[in-house]
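# A look at the structure
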Protein chains: 2
Amino acid sequence: MRLSELSKRSGVSTATIKYYLREGLLPPGERITATQADYDEEHLRRLRLVRALVQVGRVPVATAREVLAAVEDESSDQLSRLGTAVGALPHGPTTTGDDAATERAGRTAEEVQRRLGWRIVPGNPAHRMLISSLATLIRLGYPCEVDHLLPYGRAAAGIAEHELALIGEFEAPTTQLEAAVALTVLYEPVLLALRRLAQAEEAGRRFGANRGAGADPAADAEGEG
Amino acid sequence: MRLSELSKRSGVSTATIKYYLREGLLPPGERITATQADYDEEHLRRLRLVRALVQVGRVPVATAREVLAAVEDESSDQLSRLGTAVGALPHGPTTTGDDAATERAGRTAEEVQRRLGWRIVPGNPAHRMLISSLATLIRLGYPCEVDHLLPYGRAAAGIAEHELALIGEFEAPTTQLEAAVALTVLYEPVLLALRRLAQAEEAGRRFGANRGAGADPAADAEGEG
């Protein structure tokens, strides 16, 4: 397809596509004439991934390039490619000091993962992100006990199982990796929105007793759709 | 306690505390002399909440003031105060157009909540955040089916039930609300970090078969701690 069709099908302006091409985030199309190139379905797929990273994940262009290189690196096995690609995504504040809060957060993070039966990989950026966010809880004096954290971990494990099953449905290894990276980024706001909605629902159940007296919450779930 | 002790116990510098006082994020202490004031445990608790909002949640000062006003508004019932406070928190990009993707995202968001037995509140910022993030998935051509979204919703419901139980352990209504707001903000990075760790764990199980042949993942969970 021509640049204009790639733009139409992806919803990304031709100017932005040209910018991604210049920055090496998209492989060049096949030259047809001196001024025209041809693009295929792979370009479209790649363009969507770049969009997910840059627009939704607010990943800097240099980082996006790193993520894409890991996805494409066929010299490496699937698991390492995924680890490198997701590891290159932004992880929020991961500043860890060597104060008492960070030390306690580190012990808590390891204990949580041990109790969940997970491997502990100290260099993993997500591991550092967990320690950093637990250290903040500790510094501010909010609850941060292992028993309180386990339900979050179990919820995350359930989601991960579901996600990896979905990713397994994509055919080629590279397509699976692209989907894994894109869904990691794109489902973060979905999960956070659902958590807030679930909180509101649960708060309504607990604090809204006056209003809901006699009402059966299950009734809302009825009806055919 | 004096300003210096409030600073020491909260880990927040006296200059920053003075700034929060000037901005009305902290109520003034009780004047003792022309230059000294006395602060109590309530100041400390409030200071921690402000810190959670401003430092971790990156909430602008004006927004933080709005959140705190809702928490304190004793003329309103607990549920409305919580709704207003959490509703005032940032919700990521909630730009919704009136294109086909937004329309389909809106239908999907309602169907997901209906299937989960949740009340649908169109004005809720989290509802708009959900629609906006689903519309992005749709625009980019990634999976966004109701059946795929339900496991995220169920995980969120489990977490919310656990969170509200924890919040119920705080004594006074205002303290409960403060904790609810702080934990909403502070546990977002915890949840996202755990999701990435769970993904890595699950990916290792699926893609890392070569390395783990014969290894029993349950073995990692053994041992007393």
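Reading guide: rules and limits
- Position numbers for residues start from 1 in each chain and track the written sequence from start to end.
- Think of it this way: whatever chain is written first is A, whatever ligand is written first is 1, and the rest follow in order.
- Only residues with pLDDT of 70 or above have their local features reported here, since the model is predicted, and side-chain atom pairs are shown and tallied only from 80 upward, although totals for entire chains, interfaces and linings are computed over all residues.
- The side-chain figures draw on all heavy atoms in the structure; neither hydrogens nor water molecules are used.
- Note on exposure labels: buried denotes an accessible area under 20% of the residue type's maximum, exposed denotes more than 50%, and partly exposed covers the range between, all computed with a 1.4 Å probe on protein chains only.
- Counting from the N terminus, the helices are DSSP H or I runs at least four residues long and the strands are E runs at least two residues long.
- When we speak of the arc, we mean the arc of directions from the helix axis to the C-beta atoms.
- Least-squares superposition aligns the copies on the C-alpha atoms of those residues with pLDDT at or above 70 in both.
- Whether two residues are in contact is decided by their heavy atoms: any pair within 4.5 Å suffices.
- As used throughout, domain bounds are those supplied by an automatic or database domain assignment.
- Accessible area that two parts lose when put together, evaluated with a 1.4 Å probe and summed over both, is termed the buried area.
- Any Lys or Arg side-chain nitrogen located within 4 Å of an Asp or Glu carboxyl oxygen qualifies as a salt bridge.
- Working definition: rings of Phe, Tyr and Trp (its six-membered ring) pair if their centres are within 6.5 Å, and the pair is stacked with planes under 30 degrees apart, edge-to-face with planes over 60 apart, and tilted otherwise.
- The term polar contact refers here to a pair of N or O atoms within 3.5 Å; inside protein, the definition further demands a hydrogen-donor-capable atom paired with an acceptor-capable atom, and it admits residues adjacent in sequence only when both atoms are side-chain atoms.
- Any residue that is not Ala, Val, Leu, Ile, Met, Phe, Trp, Tyr, Cys, Pro, Asp, Glu, Lys or Arg is counted as polar, Gly included; the first ten are nonpolar and the last four charged.
- Nine residue types can take part in a nonpolar core, namely buried Ala, Val, Leu, Ile, Met, Phe, Trp, Tyr and Cys, and a core is a set of them joined through side-chain atoms within 4.5 Å.
- Only the stretch in contact is used when a helix axis is fitted, and all axes are lines through C-alpha atoms; the angle between N-to-C directions ranges over 0 to 180 degrees.
- For this classification, under 35 degrees means roughly parallel, over 145 means roughly antiparallel, 65 to 115 means roughly perpendicular, and everything else is oblique.
- Here a crossing is called left-handed whenever its near helix is offset anticlockwise from the far helix by less than a right angle, and right-handed whenever the offset is clockwise.
- One number per residue, pLDDT, summarises how confident the predictor is, and it ranges from 0 to 100.

For chain A, an unreviewed UniProt entry supplies the name MerR family transcriptional regulator and the organism Streptomyces litchfieldiae.

## As for helix α1 (residues 3-10) of chain B
Residues and elements named next belong to chain B. Every buried residue of α1 is accounted for by Leu 3, Leu 6, Ser 7 and Ser 10. Looking straight down α1, one finds that the buried residues subtend no more than 100 degrees of arc, so they occupy a single side. In α1, the exposed positions that point more than 90 degrees away from the buried face belong to Ser 4 and Lys 8. Once α1 ends, the next one or two residues include Gly 11, with phi positive near 75 degrees.

## Topic: the relation of the copies chain B and chain A
With an axial shift of 0.0 Å and an RMSD of 0.0 Å, the rotation relating chain B to chain A amounts to 180 degrees. Here the transformation between the copies is reduced to the relation of a two-fold axis. Taking the C-alpha atom as reference, chain B places B:Ala155 closest to the rotation axis, 2.5 Å from it.

## Overview of the environment of A:Leu192
Within the secondary structure layout, A:Leu192 lies in helix α9 (residues 173-207). If we skip the residues at most four places from it in the chain, A:Leu192 touches B:Met129, B:Glu188 and B:Leu192.

## Here's the deal with the domain arrangement of chain A
Residue and element names in this part refer to chain A. Segmenting chain A into domains produces domain 1 (1-90 + 168-207) and domain 2 (91-160). Here the C-alpha centre of domain 2 lies 28 Å away from the C-alpha centre of domain 1. Each partner contributes residues to the interface: domain 1 has six residues there, and domain 2 has five residues. Both sides of the domain 1 and domain 2 interface together cover about 330 Å² of buried area, and 60% of this is carbon and sulfur. Among the residues of domain 1 in contact with domain 2, Gly 87, Pro 90 and Leu 191 are the three that bury the most area, contributing 71% of the side total. Scanning the region where domain 1 abuts domain 2 turns up zero salt bridges.

## Considering the packing of aromatic side chains
Counted under the stated rule, the structure contains four aromatic pairs over all chains. When the centroid spacing of 6.0 Å and the interplanar angle of 45 degrees are considered together, the rings of A:Tyr19 and A:Tyr20 count as tilted.

## What to know about the environment of A:Glu30
The residue A:Glu30 is located in strand β1 (residues 30-31) in this model. Residues A:Glu30 and A:Asp40, ten residues apart in the sequence, show an inter-C-alpha distance of 9.0 Å.

## What to know about the interface of chain B and chain A
Chain B puts 86 residues into the contact, and the matching count from chain A is 87 residues. The tally of links from chain B across to chain A stands at six salt bridges. With its nearest N and O atoms 3.6 Å apart, the salt bridge here joins B:Arg119 to A:Glu201. Viewed at the interface, chain A and chain B are joined by 26 residue pairs in polar contact (both at pLDDT 80 or more). Of all the elements in the fold, those that place two or more residues in the side of chain B that touches chain A are α3 (41-56), α5 (78-88), α6 (100-115), α7 (125-139), α8 (146-167) and α9 (173-207) of chain B. For the side of chain B that touches chain A, the leading source of residues is α9(B), giving 26 residues. Of the residues that constitute the side of chain B that touches chain A, the class distribution is 48 nonpolar, 19 polar and 19 charged.

## Observations concerning the side chain of B:Glu201
Relative to the assigned elements, B:Glu201 resides in helix α9. Within polar-contact distance, the side chain of B:Glu201 engages the backbone nitrogen of A:Arg119 at 2.9 Å. Excluding residues within four positions of it along the chain, B:Glu201 makes contact with A:Gly117, A:Trp118 and A:Arg119.

## Re the nonpolar core
Counting residues in each nonpolar core, the largest one holds 146 residues, and the members touching the most others are A:Leu53 and B:Leu53. Among residues more than four places away in sequence, those in contact with A:Leu53 are A:Arg58, A:Val59, A:Ala64, A:Val67, A:Leu68, A:Leu89, A:Val181 and A:Val185.

## A look at the pattern of salt bridges
Inspection of every chain in the model, using the stated rule, returns 34 salt bridges over all chains. Between A:Arg205 and A:Glu201 there is a salt bridge; the shortest N-O distance is 3.3 Å. On the criterion of helical spacing, the pair formed by A:Arg205 and A:Glu201 is a turn pair, its members being four residues apart in helix α9. Residue A:Arg205 is classed as partly exposed on the basis of its relative accessible area, which comes to 45%. For A:Glu201, a relative accessible area of 7% translates into the label buried. A salt bridge links B:Glu23 to B:Arg65, with the nearest nitrogen and oxygen atoms 2.8 Å apart. With a gap of 42 residues between them, B:Glu23 in the loop between α2 (14-22) and β1 (30-31) and B:Arg65 in helix α4 (residues 61-72) connect regions that are remote in the sequence.

## Section: the packing of α3(B) against α9(B)
Relative placement of two packed helices is described by the angle separating their axes and the distance separating the axes. All names here are of chain B. Between α3 and α9, whose axes approach to 10 Å, the crossing angle comes to 30 degrees. Classed by the angle they form, the pair α3 and α9 counts as roughly parallel. Pair α3 / α9 crosses with left-handed handedness. The residues of α9 that touch α3, namely those facing Arg 45, Arg 46, Leu 49, Ala 52, Leu 53 and Val 56, are Thr 175, Glu 178, Val 181, Ala 182, Val 185, Leu 186 and Pro 189. Among the residues forming the contact of α3 with α9, the class breakdown is nine nonpolar, one polar and three charged.

## Some details on the confidence of the model for chain A
Note that predicted coordinates carrying low pLDDT should not be read in detail. Residues and elements named next belong to chain A. Looking at chain A, pLDDT values average 86 and 91% of them are 70 or higher. Of all the helices and strands in chain A, helix α10 (residues 209-212) carries the lowest mean pLDDT, 48, while helix α6 (residues 100-116) carries the highest, 95. When the criterion is pLDDT under 50, residues 210-225 qualifies, and its contacts beyond four places in sequence or with other chains add up to twelve contacts.

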